[in-house]
Amino acid sequence: MSVIGKVESLWRYPVKSMRGEELEELFAGYPGVYGDRLFAFESSTGPKGFPFFTGRDQRQMIRYRARFRNPEKAARPVNLSEAEQLSPNLNPISAGVSELMVDVETPDGKTFPVNDPALNDHLRLNTDGNHQLTLLRSEKAITDCRPLSIFAVQTAAKLGEETGCAVDKRRFRANVYVDLTSAEGFAEDRFVGRSLRIGLKVTVAVLQRDARCMMITLDPDTAEKTPAILKAVAQAHDGMAGVYGAVLVEGMIRKGDPVELLD
């Protein structure tokens, strides 16, 4: 068991493909990060296997800012303290639907409840008009693949060197950004098939590398494209950047927590 870095920052995305929010701490559970990708929009034109309306369809979607109406209810499971006092093995429960309602601020300054049909219309602006949108809500994080995504800040720096561009880590939309003791980019690839402990309790099995798409070409502030970043990932790194994991032991993760390699 060895310390291989620390938590640089923590992020969740209340609505899939919208702007993330940085947190000082988060609860990592079996279904994913508490409050992460709680909502998503389904498009009538999407394939059944991936029906979601995302920044692939509307680049400006990544600039929409989703906020929980009751942030204290969204910070952690509602009975976490009580559950931990009874037993470290008890699974806590989620807050109710009304307590985890989200409001969305658009890039032009308008604010809508996430379930307002007017938000659907706003999202469809400047698209081909064929998208009929339906709001989805799930207790399980509506992630593309595995429940937890991990990304080393050194990997963003490496891609900056390879492309000659300043590469903002937020392009990769991870939950846990780690600052590794190794200065080498893409060092997290070597964790696949092994387990990490993050902080005092949370244990994560690292399952696979993260296959990337055009989303990483989008600047998180402007939605402008930088195709060179995806090109570098595709040509030099097999189209992968960062890793996916599954939570084996639930708990809170905090900014600055040590990251240990267990096996």
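Scroll up a little and you will see the structure.
Residues numbered from 1 in each chain as written. Predicted model: local features only at pLDDT ≥ 70, side-chain atom pairs only at ≥ 80, totals over all residues. Heavy atoms only, no water.

Draft legend 1. View of the pairing of strand β16 (residues 258–261). As judged from the four bridges shared by strand β1 (residues 2–12) and β16, these two strands associate in the antiparallel manner. From the neighbouring strand, S2 faces β16, where its bridge partner is L261. Relative to β16, strand β12 (residues 195–198) is paired through three bridges, and the arrangement is antiparallel. Looking at β16, one finds that R197 is bridged to E260. (Pairing = 2+ DSSP bridges. Helix = DSSP H or I, 4+ residues; strand = E, 2+ residues; numbered from the N terminus.)

Draft legend 2. The arrangement of the sheet that holds strand β15 (residues 251–254) in detail. Ordered by their spatial adjacency, three strands build an open sheet running β4-β3-β15, and the pairing between neighbours is antiparallel. The open sheet has two edge strands, β4 (32–33) and β15, and neither has a second partner. As paired elements, strand β3 (residues 25–29) and β15 share four bridges and run antiparallel to each other. Its bridge partner lying in β15, A28 is registered against G251.

Draft legend 3. Structural context of the side chain of T163. Looking at where T163 falls in the secondary structure, it is placed in helix α4 (residues 153–163). With relative accessibility at 19%, the residue T163 sits in the buried group. If we ignore the near neighbours within four places in the chain, the residues touching T163 are A228, I229 and A232. (Buried < 20%, exposed > 50% of the residue type's maximum accessible area, 1.4 Å probe, protein only. Contact = heavy atoms within 4.5 Å.)

Draft legend 4. Looking closely at the sheet that holds strand β7 (residues 102–105). Pairing is antiparallel across the open sheet formed by three strands, whose spatial order is β6-β7-β8. In the strand order of this sheet, the two ends are held by β6 (65–68) and β8 (111–113), each with one partner. In this sheet, neighbouring strand axes are inclined to one another by 25 degrees on average, regardless of whether the strands run parallel or antiparallel. As defined by bridge partners, β6 adjoins β7 across four bridges and the pair is classed as antiparallel. (Axes fitted to C-alpha atoms, helices over the stretch in contact; angles between N-to-C directions.)

Draft legend 5. Seen up close, the pairing of β7. Here β7 shows one buried face, formed by V102 and V104, and one open face, formed by D103 and E105. Here β7 pairs with β8 via three bridges, running antiparallel. Of the residues in β8, the one forming a bridge with V104 is F112. Counting the residues between successive antiparallel strands, the hairpin from β7 to β8 contains five residues, one of them, G109, with a positive phi of roughly 90 degrees.

Draft legend 6. A look at helix α5 (residues 227–236). Residues I229, A232 and V233 constitute the buried set of α5. Around the axis of α5, the buried residues are gathered within 95 degrees of arc, so they sit on the same side. For α5, the exposed residues set more than 90 degrees away from the buried face come down to P227, K231 and Q235. Buried positions along α5 lie against α4 and β14 (240–249). (Arc of directions from axis to C-beta.)

Nothing here speaks to function; it is all geometry.
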